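Below are the chains, spelled out letter by letter.
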Amino acid sequence: MNTTPPNACPAWRRLEAHAGIWRGARLAELLASDPARALNLSARAPGVQLDYSRQRVDALTLALLAQLAAERGFEEWRAALFAGAPINTTEGRAVRHAELRAGDAAPAEVKAALQQTGSLAQSIRAGRRFTRIVSLGAGGSDLGPRLLADAFGDGRLDVRFVASVDPLELQRALAGADPESTLIVVVSKTFTTQETLANATAARHWGCKSFYAVTANAQAARQFGAGEVLPMWDWVGGRFSVWSAVSFAAICAIGGDAFAEFLSGGHDIDRHFLETPIGQNVPGLMALLGVWNVNFLGAQAQAVMPYAHRLRLLPAYLQQLEMESNGKGVDREDRALGYATCPVLFGSEGTPSQHSFHQLLHQGTQAVPADFIVAGIDPVLDANAEAQAQALAVGTAGAVGTSDASLPAHRRYPGNRPSSTLRLDRMDARTLGRLLAIYEHKVFAQGVLWNINSFDQWGVELGKEMAKKILGGAH
């Protein structure tokens, strides 16, 4: 597969020249002069529409970006992903998380794990033994399940999550609970994660006697005292594991039927990503637009604003997914990069975010591309999202149709700030599965374009080793 540095590709050099045109172009003029722009610059995946008409692109930009993807061997890399090839080269591992949501086509071990997980969760939801479930995890063992449970928990069980080693989070998660009716779920692939095991030990000292584990180290889990052990595999990275038994506590919160819909939504996007040409491929287009903004228009950050309370934890989930995957400074051949990779991702729920960081988006000294996510929940929410995206694009001059020279400088919005809008057909578990899979495949495609390994995270190791030494020296 092609490992040529992207900035050595002919399309990259053409894009650099093409970007010069866009430094003087105005989104307000493009939108006003082309009533069909929103229709032409859009793409559809199952249950989701991507509107990128407010991005600073035209047909030539998209053609050049598609050419870059071809020169980087995008289709070959995509085929390798779905064929289970060991594309996580630094760890010699396949990347098979899509198999977790493959339905009837899933491997036998995945089907067996789903059956075991679903049966346990159903027995807990139907019984009266446990009234409080506390899931202990870190990173990918926490963020995805926490998002899923927060979005669609039905209240039948009190399900809580603990990720921090700060004792206060565990204390709050256990407050008011009865140790006899509390289940602790320990989620750790190696069953050696320092923060997670510290919290598990503290929960035992608190008085809890019931422990389940989700791990690849069943022996260590049994030795700790886990009554049930659910599997993890080394071919699923933590930040791609929400589709697995890692989400056991979330399944207890939302029910097996909703989790099955969540998996089906992810599979919907897998088929779309695999089968759709990149020019109409929603994750592929989002990847291309991100590379365009970062590498050719100089963006250093990316904002994500979901206008749905159910998605309030999505930005935190995406921070890990994107920055742990693509926050890399060397390529697949260990060569230092001469180009930028992942931007800093931040965000929050709209409309609260409008009273937080939107000031910077509208009038700050840097243009920050933004993703608006709307779900048709409420006309007020949708109107606010549309207004924010349009104001970013056209500024005060475009909004009123005349020059804003009469306004004092502090009242002017410069506009020309790019954004995309993801419109969801509905807000349910299947749609959430679709949305998460879209961003997963965006991350993978950008890794291909940047020639980096999106599936390792060596940058988190040094600090952990140093912390162990500091702790060792303190005793």
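Being a predicted model, the structure only gives us computed values, none of them experimental. (Residues numbered from 1 in each chain as written. Predicted model: local features only at pLDDT ≥ 70, side-chain atom pairs only at ≥ 80, totals over all residues. Heavy atoms only, no water.)

S.K.: An account of a nonpolar patch on the surface is requested, with residue identities and associated values reported.
M.R.: Side chains of Leu 462, Met 466 and Ile 470 sit close together on the surface and give an oily, nonpolar patch of about 350 Å² of accessible area. Relative to the assigned elements, Ile 470 resides in helix H18 (residues 461-473). (Patch = residues over 30% accessible without salt bridge, like charges linked within 9 Å, V, L, I, M, F, W, Y side chains within 5 Å. Areas by Shrake-Rupley, 256 points an atom, 1.4 Å probe, with all protein chains shown as cover. Salt bridge = Lys/Arg side-chain N within 4 Å of Asp/Glu carboxyl O. Helix = DSSP H or I, 4+ residues; strand = E, 2+ residues; numbered from the N terminus.)

S.K.: Explain the sheet that holds strand S10 (residues 370-374) to me, using residue names and the numbers behind them.
M.R.: Reading across the sheet, the six strands line up as S1-S2-S11-S10-S8-S9 and stay open at both edges, with mixed pairing between neighbours. Looking at which strands have only one partner, the edges of the open sheet turn out to be strand S1 (42-45) and strand S9 (344-347). Shown here is a sheet whose adjacent strand axes are inclined to one another by a mean of 20°, direction ignored. Bridge count for strand S8 (residues 301-307) against S10 is five bridges, and the pairing is parallel. If you follow Ala 303 over to S10, its bridge partner there is Ala 370. Each of S8, S9 and S10 touches helix H14 (residues 314-326); the most contacted strand, S9, lies at about 170° to it. (Pairing = 2+ DSSP bridges. Axes fitted to C-alpha atoms, helices over the stretch in contact; angles between N-to-C directions. Contact = heavy atoms within 4.5 Å.)

S.K.: Mind laying out helix H1 (residues 10-22), listing which residues take part and the relevant values?
M.R.: Between the first and last C-alpha of H1 there are 19 Å, a value that for 13 residues agrees with the 18 Å anticipated at 1.5 Å per step. The complete set of buried residues in H1 reads Ala 11, Trp 12, Leu 15, His 18, Ala 19 and Trp 22. (Expected span 1.5 Å × (residues − 1). Buried < 20%, exposed > 50% of the residue type's maximum accessible area, 1.4 Å probe, protein only.)

S.K.: An account of the sheet that holds strand S4 (residues 158-162) is requested, with residue identities and associated values reported.
M.R.: Read from one edge of the open sheet, five strands run S4-S3-S5-S6-S7, paired in parallel fashion. Lying at the two open borders of the sheet, with one neighbouring strand each, are S4 and strand S7 (228-231). Each strand of the sheet is rotated relative to its neighbour by a mean of 20°, with strand direction disregarded. One ladder, built from five bridges, connects strand S3 (residues 132-136) with strand S5 (residues 182-187); its direction is parallel. Among the inter-strand pairings, Leu 136 is bridged to a residue of S5, identified as Val 186. Seen against the sheet, helix H6 (residues 108-126) touches S3, S5, strand S6 (210-215) and S7 and runs at an angle of roughly 140° to S7. Contacts between helix H8 (residues 167-174) and the sheet are confined to S3, S4 and S5, with S4 contributing the most and set at about 175° to the helix.

S.K.: Outline the pattern of salt bridges, supporting the account with residue identities and numerical values.
M.R.: Tallying each qualifying case throughout the model produces 27 salt bridges. Measuring nitrogen to oxygen at the nearest pair gives 2.9 Å for the salt bridge that ties Arg 96 to Glu 99. A salt bridge links Arg 434 to Asp 268; its shortest N-O distance comes to 2.9 Å. Remark: Asp 268 occurs in helix H12 (residues 256-275) and Arg 434 occurs in helix H17 (residues 429-450); sequence separation between them is 166 residues. What makes Asp 268 buried here is its relative accessible area of 16%.

S.K.: I'd like a rundown of helix H13 (residues 282-296), residues and numbers included.
M.R.: Compared with the 21 Å implied by 1.5 Å per residue over 15 residues, the 21 Å span of H13 between its first and last C-alpha is a close match. Most of H13 sits out of view: 15 of its 15 residues are buried. Sitting at the head of H13, Asn 281 places a side-chain oxygen 3.1 Å from the backbone nitrogen of Gly 284. Once H13 ends, the next one or two residues include Gly 298, with phi positive near 80°. (Polar contact = N/O pair within 3.5 Å; in protein donor to acceptor, adjacent residues only side chain to side chain.)

S.K.: Provide a residue-level description of the nonpolar core, including the pertinent values.
M.R.: Formed by 112 residues in total, the largest nonpolar core has its most connected members in Phe 248 and Phe 262. Broken down by element, this core gets its largest block of residues, 13 residues, from H17. With near-sequence residues (within four places) excluded, Phe 248 lies in contact with Thr 117, Leu 120, Ala 121, Ile 124, Leu 183, Val 185, Tyr 212, Val 214 and Leu 230. Counting 19 residues, the second largest nonpolar core, distinct from the first, contains Ile 184, Cys 208, Ala 213 and Ala 221. (Core = buried A, V, L, I, M, F, W, Y, C linked by side-chain atoms within 4.5 Å.)

S.K.: Now, about the packing of H12 against H17: what can you tell me, with residues and values included?
M.R.: Where H12 meets H17, the axes come as close as 7 Å, and the angle between the chain directions of the two elements is 40°. Relative to H17, the element H12 lies oblique. As H12 packs across H17, the resulting crossing turns out to be right-handed. Residues Ala 258, Glu 261, Phe 262, Ser 264, Gly 265, Gly 266, Asp 268, Ile 269, Asp 270 and Phe 273 of H12 form the contact with H17, whose participating residues are Ala 429, Arg 430, Leu 432, Gly 433, Arg 434, Leu 436, Ala 437, Ile 438, His 441 and Phe 444. Residues belonging to the contact of H12 with H17 are distributed by class as follows: ten nonpolar, five polar and five charged. (Parallel < 35°, antiparallel > 145°, perpendicular 65-115°, else oblique. Left-handed = near helix turned anticlockwise from the far one by under 90°. Nonpolar A, V, L, I, M, F, W, Y, C, P; charged D, E, K, R; others polar.)

S.K.: Help me get a handle on the side chain of Asp 331, residues and values and all.
M.R.: Within the secondary structure, Asp 331 is located in the loop between H14 and S9. At a separation of 2.9 Å, a polar atom in the side chain of Asp 331 contacts the main-chain amide nitrogen of Glu 333.

S.K.: Give me the lowdown on the packing of aromatic side chains, citing residues and values where you can.
M.R.: This model, assessed by the stated rule, comprises 16 aromatic pairs. Judged by centre distance (6.2 Å) and plane angle (85°), the rings of Phe 273 and Phe 444 are edge-to-face. Taken together, the residues span a long stretch of sequence, with Phe 273 in helix H12 and Phe 444 in helix H17 at a distance of 171 residues. We note that Phe 273, like Phe 444, is buried. Of the aromatic side chains, those joined through ring pairs into one cluster are Phe 74, Phe 82, Phe 240, Phe 273, Phe 444 and Phe 455. Lying across the ring of Phe 273, Arg 78 places its NZ or CZ 5.9 Å from the centre. The side chain of Arg 204 reaches across the aromatic face of Phe 211, ending 5.5 Å from its centre. (Phe/Tyr/Trp six-rings, centres within 6.5 Å; stacked < 30°, edge-to-face > 60°. Lys NZ or Arg CZ within 6 Å of the ring centre and 35° of its normal.)

S.K.: Which residues make up the packing of helix H7 (residues 143-152) against H17, and what values do they have?
M.R.: In contact at an axis separation of 11 Å, H7 and H17 are set at 150° when each is read in the N-to-C sense. On the basis of their axis angle, the class for H7 and H17 is roughly antiparallel. In the crossing of H7 with H17, the sense of the turn from one axis to the other is right-handed. Residues Leu 147, Leu 148, Ala 151 and Phe 152 of H7 pack against Ala 429, Leu 432 and Leu 436 of H17. Looking at the contact of H7 with H17 residue by residue, the classes come out as seven nonpolar, no polar and no charged.

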